[in-house]
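# Structural overview for review
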Amino acid sequence: MDHWNAIETHPATPLKALFDTNSDRVEQLSFEHAGIYFDFSKTHMDSDLLEKFAHLAQAKDLAGQIEKLTHGDIINPSEGRAAEHTAERGIGAEMSVHHARLLRNRMQGLILAIDEGLLGEIEYIIHLGIGGSALGPELLLEALKLGDEKYETAVISNIDGCALEPVLERFDAHKTLIVLASKSFTTAETFLNAASVLNWMREQGVSDPFGKVVALTANPEKAVIWGVDESRILPFADTIGGRYSLWSSIGFSAALTLGMDVFDDLLAGAAEMDRHFQSAPLLENIPAIAAFCDQYYCQARGCETRAVFAYDERLRLLPVYLQQLEMESNGKSVTSDGKPLDRHSSPIIWGGVGTDAQHAVFQLLHQGTHLVPVEFLAVIEPGHSLAEEHHRSLLLNCFAQASALMTGQASDDGNRNYPGDKPSVTILLDDLDGRKLGALIAFYEHRTFVNAMLLGINPFDQFGVELGKETANALLAGEGNKMDPSTEILKNRAFPA
Ligand code: F6P
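Now for a quick tour of the structure. Every value quoted in this text rests on a predicted model; they were computed, and no experiment measured them.

### Considerations on the site of the ligand
Lining the immediate environment of the ligand, one finds 14 residues, of which Ser 133, Ser 182, Lys 183, Ser 184 and Thr 187 sit closest. Between an oxygen atom of the ligand and a side-chain N or O atom of Ser 133, the distance comes to 2.6 Å. Between the ligand and Lys 183, the relevant distance is 2.7 Å, taken from an oxygen atom to a main-chain nitrogen or oxygen of the residue. About the coverage of the ligand: the protein hides 87% of its 390 Å² of free accessible area. A per-class count over the shell around the ligand returns two nonpolar, nine polar and three charged. A domain-level breakdown of the shell around the ligand finds at least three residues from each of domain 1 (3–80 + 266–463) and domain 2 (85–264).

### Quick notes on helix α8 (residues 161–170)
Those residues of α8 lying buried are Leu 164, Val 167 and Leu 168. Here the buried residues of α8 occupy an arc of 100° about the axis, which is enough to place them on one side. Residues Cys 162 and Glu 169 are exposed on α8 and point more than 90 degrees away from its buried face. Of the surrounding secondary structure, the elements contacted by the buried residues of α8 are β3 (124–128), β4 (152–156) and α9 (188–203). Where α8 begins, one side-chain oxygen reaches toward the backbone nitrogen of Cys 162, 2.9 Å away; that side chain belongs to Asp 160.

### Some thoughts on the sheet that holds strand β7 (residues 233–235)
Ordered in space as β4-β3-β5-β6-β7, the five strands form an open sheet in which the pairing is parallel. Strands at the two margins of the open sheet, each flanked by one partner only, are β4 and β7. Neighbour-to-neighbour, the strand axes of the sheet open up by a mean angle of 15°, direction not taken into account. Both β3 and strand β5 (residues 176–181) contribute to a ladder of five bridges, which runs parallel. The residue of β5 that forms the bridge with Ile 126 is Ile 178. Of the strands in this sheet, β5, β6 (213–217) and β7 are in contact with helix α6 (residues 94–115), which crosses β7 at around 155°.

### Notes on the pattern of salt bridges
Counted under the stated rule, the structure contains 30 salt bridges. A salt bridge links Glu 152 to Arg 170, with the nearest nitrogen and oxygen atoms 2.5 Å apart. Taken as a pair, Glu 152 in strand β4 and Arg 170 in helix α8 lie far apart in primary sequence, 18 residues in all. A salt bridge links Asp 433 to Lys 436; the shortest N-O distance between them is 3.1 Å. A residue is classified by how much of its surface remains accessible, and Asp 433, at 26% relative accessible area, is partly exposed. Here the salt bridges do not stand alone but share partners, grouping Asp 294, Arg 306, Glu 326, Glu 375 and Arg 447 into one network.

### Structural notes on the side chain of His 391
Tracing the backbone through its elements, the reader meets His 391 in helix α16 (residues 388–407). For His 391, a relative accessible area of 8% gives the class buried. A polar atom in the side chain of His 391 sits 3.1 Å from the backbone oxygen of Ile 380. When sequence neighbours within four positions are dropped, the list of residues in contact with His 391 reads Asp 312, Val 379, Ile 380, Glu 381, Pro 382 and His 384.

### Side note on the pairing of β5
Counting buried positions over the six residues of β5 gives six, a clear majority of the element. Of the two faces of β5, the one carrying Thr 176, Ile 178 and Leu 180 and the one carrying Leu 177, Val 179 and Ala 181 are both buried. When β5 meets β6, the two strands line up parallel, connected through four bridges. Counted as the bridge partner of Leu 180 is Ala 215 from β6. For the crossover that starts at β5, traverses α9 and ends in the parallel β6, the hand is right-handed.

### With respect to the packing of aromatic side chains
Inspection of every chain in the model, using the stated rule, returns 18 aromatic pairs. With 5.0 Å between their ring centres and 10° between their planes, Phe 53 and Phe 292 make a pair best called stacked. Pair noted here: Phe 53 is in helix α4 (residues 47–59) and Phe 292 is in helix α13 (residues 286–300), with a separation of 239 residues, a long-range link. Judged by relative accessible area, Phe 53 falls into the buried class, the value being 0%. For Phe 292, a relative accessible area of 0% corresponds to the buried category. An aromatic cluster is defined as three or more aromatic residues linked by ring pairs; in this entry it consists of Phe 31, Phe 38, Phe 40, Phe 443 and Tyr 444. A cation over a ring is seen here: Arg 89 above Trp 247, with NZ or CZ 4.4 Å from the ring centre. In this structure, Arg 343 packs its charged tip against the face of Trp 4, placed 4.2 Å from the ring centre.

### Brief notes about α4
At 3.6 residues per turn, the α-helix brings residues three or four places apart onto the same side. Under the 1.5 Å per step criterion, the end-to-end length of α4 is 18 Å for 13 residues, consistent within 8% with the ideal 18 Å. Next to the buried residues of α4 lie α1 (3–8), α5 (62–70), α13 and α17 (434–455). After α4 finishes, the residue Asp 61 shows a positive phi value of roughly 50°.

### Regarding the environment of Gly 72
With respect to the secondary-structure elements, Gly 72 resides in the loop between α5 and α6. Judged by relative accessible area, which is 23%, Gly 72 ranks as partly exposed. Each C-alpha atom, one on Gly 72 and one on Ala 472, is 35 Å from the other, the two residues being 400 residues apart in sequence. Once you skip the residues sitting within four places of it in the chain, Gly 72 turns out to touch Ala 82, Glu 84 and Ala 93.

What counts as what
- Residues numbered from 1 in each chain as written.
- Predicted model: local features only at pLDDT ≥ 70, side-chain atom pairs only at ≥ 80, totals over all residues.
- Heavy atoms only, no water.
- Near = heavy atom within 4 Å.
- Polar contact = N/O pair within 3.5 Å; in protein donor to acceptor, adjacent residues only side chain to side chain.
- Areas by Shrake-Rupley, 256 points an atom, 1.4 Å probe, with all protein chains shown as cover.
- Nonpolar A, V, L, I, M, F, W, Y, C, P; charged D, E, K, R; others polar.
- Domains from an automatic or database assignment.
- Buried < 20%, exposed > 50% of the residue type's maximum accessible area, 1.4 Å probe, protein only.
- Helix = DSSP H or I, 4+ residues; strand = E, 2+ residues; numbered from the N terminus.
- Arc of directions from axis to C-beta.
- Contact = heavy atoms within 4.5 Å.
- Pairing = 2+ DSSP bridges.
- Axes fitted to C-alpha atoms, helices over the stretch in contact; angles between N-to-C directions.
- Salt bridge = Lys/Arg side-chain N within 4 Å of Asp/Glu carboxyl O.
- Right-handed = clockwise from strand over helix to strand, strands pointing away.
- Phe/Tyr/Trp six-rings, centres within 6.5 Å; stacked < 30°, edge-to-face > 60°.
- Lys NZ or Arg CZ within 6 Å of the ring centre and 35° of its normal.
- Expected span 1.5 Å × (residues − 1).

Okay, structure coming up:
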């Protein structure tokens with residue numbers, strides 16, 4: 001029997017029975033690291049299934065792949081390069097770690113200069129970027145801002161002017177810094193937004209708008225050609241993928257707004273998780289165990305989605321961040337050597353915030369026909385000073401939902417029957433600071449990596465996004481053959497000749 005087959009035919013013992021027959025279940029399936037508690041006991045994982053995954057992981061040489069990842073070896077074969085996000089956190093090839101440190105010093109220098117007013121009086125920051133050049137910085141800002149920051153920072157990604165216009169109405173052009181974040185320095189949305197911000201500055205009488213631009217990119221030559229002075233270009237290594245880039249200079253706007261100390265804590269927290277991932281035995285390795293659960297539900301239980309609910313408003317952008325991380329990394333149909341993948345790759349990631357989601361989508365989770373593994377995230381220390389009842393109620397709702405999904409409640413009336421046996425993972429942070437957030441995001445990166453290694457796919461390329469870009473460019477240029485009839489009618493309806 002092959003390893004996948006052993007997993008797929010593992011007896012589907014109900015959660016209740018798993019608890020009834022093992023009084024140590026919670027202890028055995030919960031782990032703590034870097035101020036974060038991970039409880040996998042409400043999944044169908046048991047020691048036998050873990051063993052089966054350990055065999056699969058050995059067959060896929062997971063240990064060797066982790067070694068390659070964290071030593072800067074080529075791990076992205078289709079683009080022939082390493083994936084060096086951990087080097088930003090001090091773990092990787094010696095030269096890459098050294099290089100990352102030098103570039104971070106440069107970023108710190110520019111932050112100091114801006115703080116001291118060397119670019120004039122700055123009160124507002126417009127961070128322009130999309131995908132990995134926006135989601136990470138925005139998540140950091142939302143999660144870690146305290147409300148007393150020196151700068152007001154807006155992250156604008158969408159090409160839709162409805163995103164940018166209100167910011168331009170609110171900000172003072174004379175006190176605004178433009179941060180242009182683009183790994184490739186070619187992304188259409190980012191440059192259309194940049195052109196509009198520069199125009200706005202000119203219209204408002206700013207004499208040298210380009211003097212207020214900071215560029216964050218792995219393509220510094222292009223930034224120079226575009227018109228940014230070298231002293232305001234913060235490069236990062238080409239071996240850092242867009243969705244793994246918040247640790248690099250792409251995190252500049254967050255570091256400037258929140259403080260370099262917070263950013264350093266973020267990197268230190270991520271490094272704590274990196275070291276755990278590198279050295280923990282497989283059956284205690286938290287990202288690996290999370291990935292084993294993911295694969296079990298995808299491959300053995302036919303789950304096509306996973307839902308993530310942050311019971312903390314500060315983490316409301318986490319599900320969106322994870323959508324890019326997991327779906328752009330692992331939404332593939334071929335293996336690393338180009339052969340068709342014979343099983344499902346990434347599940348569809350969706351989610352929201354608790355308790356809001358309870359009053360909107362939890363009906364389906366409790367009684368729908370789809371089995372959806374759920375991830376609950378909560379933070380023990382509240383992020384506000386209102387009455388204790390707010391936070392107590394928030395956390396207890398979170399725990400109640402996970403319990404109710406698992407336990408269910410039988411009724412002869414089908415409408416009122418809760419089948420239960422619905423799996424969930426709970427991730428509980430002691431508090432929300434740079435260190436814990438860094439460790440949490442690194443946990444998700446490594447989990448995504450393990451999922452990819454088990455499937456044998458390359459999580460570090462994203463060719464799937466190219467066709468849509470090309471088609472949009474052809475439409476914009478009005479070039480080439482006619483589109484399909486439906487697209488032609490839509491185009492003519494929106495833009496009559
Ligand atoms: O289109 C997908 C993508 O390439 C992402 O992988 C990336 O994070 C995003 O676009 C932005 O790219 P860039 O940072 O080069 O502007």
